[in-house]
Number of protein chains: 2
Amino acid sequence: MRLSLLGGTGDIGKGLALRFAADTDHDVIIGSRDPDKAHSAAESYEQTLAEHGHEAKITGFENPMAADRADCVVLAVPPYHVTDTLSSVVSRLSDDAVIITPAAGLTRDEDGFHYRPPSAGSVTTLVADAAPESNPVVGAFHNLAAGRLADLSLELGIDTLVLGDDRNATEMICTLIEEIDGLRALKAGPLANAAEVESLTPLLINIAQQNDGLHDLGVQFK
Amino acid sequence: MRLSLLGGTGDIGKGLALRFAADTDHDVIIGSRDPDKAHSAAESYEQTLAEHGHEAKITGFENPMAADRADCVVLAVPPYHVTDTLSSVVSRLSDDAVIITPAAGLTRDEDGFHYRPPSAGSVTTLVADAAPESNPVVGAFHNLAAGRLADLSLELGIDTLVLGDDRNATEMICTLIEEIDGLRALKAGPLANAAEVESLTPLLINIAQQNDGLHDLGVQFK
């Protein structure tokens, strides 16, 4: 499978790239607005993987080129960039490429982090509204701490929640996710349930800030 | 400590009553609008506890009487009853009794359950707005499945999130919570962070509905 991480030079893109390259045989492609940054990020990830004993090939391109022929495209960009990133690649998307969105809308004040969805109801539905009709949108990876993903010496042992209206695409992404060691995919229902999933992102940050010894917090449902 | 569970004849009240009576030495008092219901619930809980080898005394009263001289009062009622339940007992509350609120505002449609806070921003802040100034309000127990609490043969091994603006009251409730075997209290910050905590309630129901083999779902942060 060809797995394209748009904005893959950022924190969550890095974490996903390293884990997918370490634990699966899929082609991992880093996309960025700047092809040089994509290329050097890919090289740096290869080096990190080599230091952990994984011989993996990661490539880096400008976002539209990275999305070309991809089976899955992850919009690993901040929430205010999801729609422009998507529209910059849409002409290159395969008809049935699955678009994965991990972003959540947050604000911060003196009390902590809060969930502030866009008017579409959630960032996930914002992406779905902007996506071509033929491309299924799946929400996933919202609740993963980037630093924990990127540290390959850490066992994960956590869950990620998956949202989707297209049953086949949702099942495919659940299967893909569980190829990462220690990561369990749990379905959270259709995209209309995204706000409750995205709300977990600020909650995890608040809990990590309020309790000694907790950081890069994940969650396990049991 | 005198621990009063208003609405303690309901599901979450039952679960908390059984766990506190089984695992701690605190006085557990069941409150209800109907004193007969409170009394027979208390008897039935005592019987359940006896079946599990716990000799415990639980008493039942009408809500105002149950709240009398309580150190902690849990508003174990549906969200649309929190303010009238609180106002029905307020004249009987000790000056420094801690008011604990576990309710979350939910709606349900064909996609699943959704978080719908009242205009106060959360049920937790709604309670805080209605509480006397001298009585600290703490949010806790939002994310506990009643059925799991009430089944004393199950080990918990899960977390509950605690919200509070009063540091001493929050610490006291965290300590109280951790007297229940297998329940860890994690702080989620001031009451202003309550919406993200309450959002976990519909999320847990959605996940349980969408994944085979999961029910009475809890959460562990790690």
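Residues numbered from 1 in each chain as written. Chains lettered and ligands numbered in written order. Predicted model: local features only at pLDDT ≥ 70, side-chain atom pairs only at ≥ 80, totals over all residues. Heavy atoms only, no water.

Asks: Please explain the overall build of chain A as it appears in this structure.
Replies: The number of helices and strands found in chain A is nine helices and 11 strands. Here chain A has a C-alpha radius of gyration of 16 Å; the compact-globule value for 222 residues is 17 Å, and the two agree. C-alpha extents for chain A along the principal axes are approximately 40 × 40 × 30 Å. Residue burial in chain A is summarised as follows: out of 222 residues, 56% are buried. In chain A, the share of contacts with a sequence separation of at least 24, taken over all contacts with a separation of at least 6, comes to 72%. Here chain A displays about 9,100 Å² of accessible surface, and carbon together with sulfur accounts for 45% of that area. A gap of 1 Å separates the mean positions of the 15 positive and 34 negative side-chain charges of chain A. (Helix = DSSP H or I, 4+ residues; strand = E, 2+ residues; numbered from the N terminus. Rg over C-alpha atoms; globule rule 2.2 N^0.38 Å. Buried < 20%, exposed > 50% of the residue type's maximum accessible area, 1.4 Å probe, protein only. Contact = heavy atoms within 4.5 Å. Areas by Shrake-Rupley, 256 points an atom, 1.4 Å probe, with all protein chains shown as cover. Lys, Arg positive; Asp, Glu negative; His and termini not counted. Charge placed at Lys NZ, Arg CZ, Asp CG, Glu CD.)

Asks: Looking at this structure, I do not really get the sheet that holds strand S4 (residues 72–75) of chain B. What am I missing?
Replies: Residue and element names in this part refer to chain B. Spatially, the eight strands line up as an open sheet ordered S3-S2-S1-S4-S5-S8-S9-S10, and their pairing is mixed. The outermost strands of the open sheet, each flanked by one partner alone, are strand S3 (58–62) and strand S10 (183–189). Averaged over neighbouring strand pairs, the angle between their axes works out to 25° when direction is ignored. Across three bridges, strand S5 (residues 98–101) lies against strand S8 (residues 137–139) in parallel orientation. (Pairing = 2+ DSSP bridges. Axes fitted to C-alpha atoms, helices over the stretch in contact; angles between N-to-C directions.)

Asks: What's the story with the interface of chain B and chain A in this structure? I'm lost.
Replies: As a measure of interface size, the accessible area lost when the parts come together is often cited. At the interface, 36 residues of chain B touch 35 residues of chain A. For the pair chain B and chain A, the two sides together bury roughly 2,800 Å², of which 58% comes from carbon and sulfur. Linking chain B to chain A there are zero salt bridges. Summed over the shared surface of chain B and chain A, the number is 13 residue pairs in polar contact (both at pLDDT 80 or more). (Buried area = accessible area lost by both parts, 1.4 Å probe. Salt bridge = Lys/Arg side-chain N within 4 Å of Asp/Glu carboxyl O. Polar contact = N/O pair within 3.5 Å; in protein donor to acceptor, adjacent residues only side chain to side chain.)

Asks: It is not clear to me how the confidence of the model for chain A should be interpreted in this structure. Could you clarify?
Replies: Low pLDDT means the predicted coordinates in that region are not meant to be read closely. Scored by pLDDT, chain A has a mean of 97; 100% of the residues are at 70 or more. Our summary of model confidence lists the complex with pTM equal to 0.96 and ipTM equal to 0.95. (pLDDT = per-residue confidence, 0-100.)

Asks: Sorry, what's going on with the sheet that holds strand S8 (residues 137–139) of chain A here?
Replies: Backbone-to-backbone hydrogen bonds pair the strands of a sheet. The strands run either parallel or antiparallel. All names here are of chain A. In space, the eight strands of this open sheet follow the order S3-S2-S1-S4-S5-S8-S9-S10, with mixed pairing throughout. Looking along the sheet, the strands with just one partner apiece sit at the ends: strand S3 (58–62) and strand S10 (183–189). Direction aside, neighbouring strands of the sheet carry axes that sit 25° apart on average. Here S8 pairs with strand S9 (residues 158–164) via two bridges, running antiparallel.

Asks: Hey, could you run me through the relation of the copies chain B and chain A in this one?
Replies: The relation between the two copies of this chain is a rotation about an axis and a shift parallel to it. Once chain B is rotated about the relating axis by 180° and shifted along it by 0.0 Å, it coincides with chain A to within an RMSD of 0.0 Å. Here the copies are linked by what is in effect a two-fold axis. Every residue of chain B has its C-alpha some distance from the rotation axis, and the shortest such distance is that of Gln220(B), at 2.6 Å. The fraction of interface residues of chain B whose copies in chain A are also interface residues reaches 97%, indicating that both copies meet through the same surface. (Least-squares fit on C-alpha atoms with pLDDT ≥ 70 in both.)

Asks: Just to check I follow, could you spell out the packing of helix H1 (residues 11–23) of chain B against helix H2 (residues 35–51) of chain B for this structure?
Replies: For any two helices packed against each other, the geometry comes down to the angle between their axes and how far apart the axes lie. Residues and elements named next belong to chain B. The interhelical angle for the contact between H1 and H2, taken along N-to-C directions, is 50°, at an axis separation of 10 Å. Judged by the angle between their axes, H1 and H2 are oblique. Note that H1 runs across H2; the crossing there is right-handed. On H2, the residues touching Lys14, Ala17, Leu18, Ala21 and Ala22 of H1 are Tyr45, Thr48 and Leu49. The class makeup of the residues in the contact of H1 with H2 is six nonpolar, one polar and one charged. (Parallel < 35°, antiparallel > 145°, perpendicular 65-115°, else oblique. Left-handed = near helix turned anticlockwise from the far one by under 90°. Nonpolar A, V, L, I, M, F, W, Y, C, P; charged D, E, K, R; others polar.)

Asks: I'm lost on the environment of Thr201(A) in this one. Help?
Replies: Residues and elements named next belong to chain A. Structurally, Thr201 is set in helix H9 (residues 200–210). Overall, the relative accessible area of 16% leaves Thr201 in the buried class. Each C-alpha atom, one on Thr201 and one on Leu217, is 9.8 Å from the other, the two residues being 16 residues apart in sequence. Ignoring anything within four residues of it in the chain, the contact list for Thr201 reads Ala104, Leu106 and His142.

Asks: What's the story with a negative patch on the surface in this structure? I'm lost.
Replies: Residue and element names in this part refer to chain A. Taken together, the side chains of Asp27, Asp71, Asp95 and Asp96 present a region of like negative charge at the surface. Residue placement: Asp27 occurs in strand S2 (residues 27–32). Judged by its relative accessible area of 46%, Asp27 falls in the partly exposed class. (Patch = residues over 30% accessible without salt bridge, like charges linked within 9 Å, V, L, I, M, F, W, Y side chains within 5 Å.)

Asks: What's the story with the nonpolar core in this structure? I'm lost.
Replies: When a protein is soluble and globular, its nonpolar side chains tend to lie buried together. Residues Phe221(A) and Phe221(B) are the most contacted members of the largest nonpolar core, which totals 69 residues. In terms of residue count, the dominant contributor to this core is H9(A) (five residues). Look past the residues within four positions of Phe221(B) in its chain and what remains in contact with it is Leu203(A), Leu204(A), Ile207(A), Leu217(A), Gly218(A), Val219(A), Asp159(B), Leu161(B), Arg184(B), Leu186(B) and Leu200(B). (Core = buried A, V, L, I, M, F, W, Y, C linked by side-chain atoms within 4.5 Å.)

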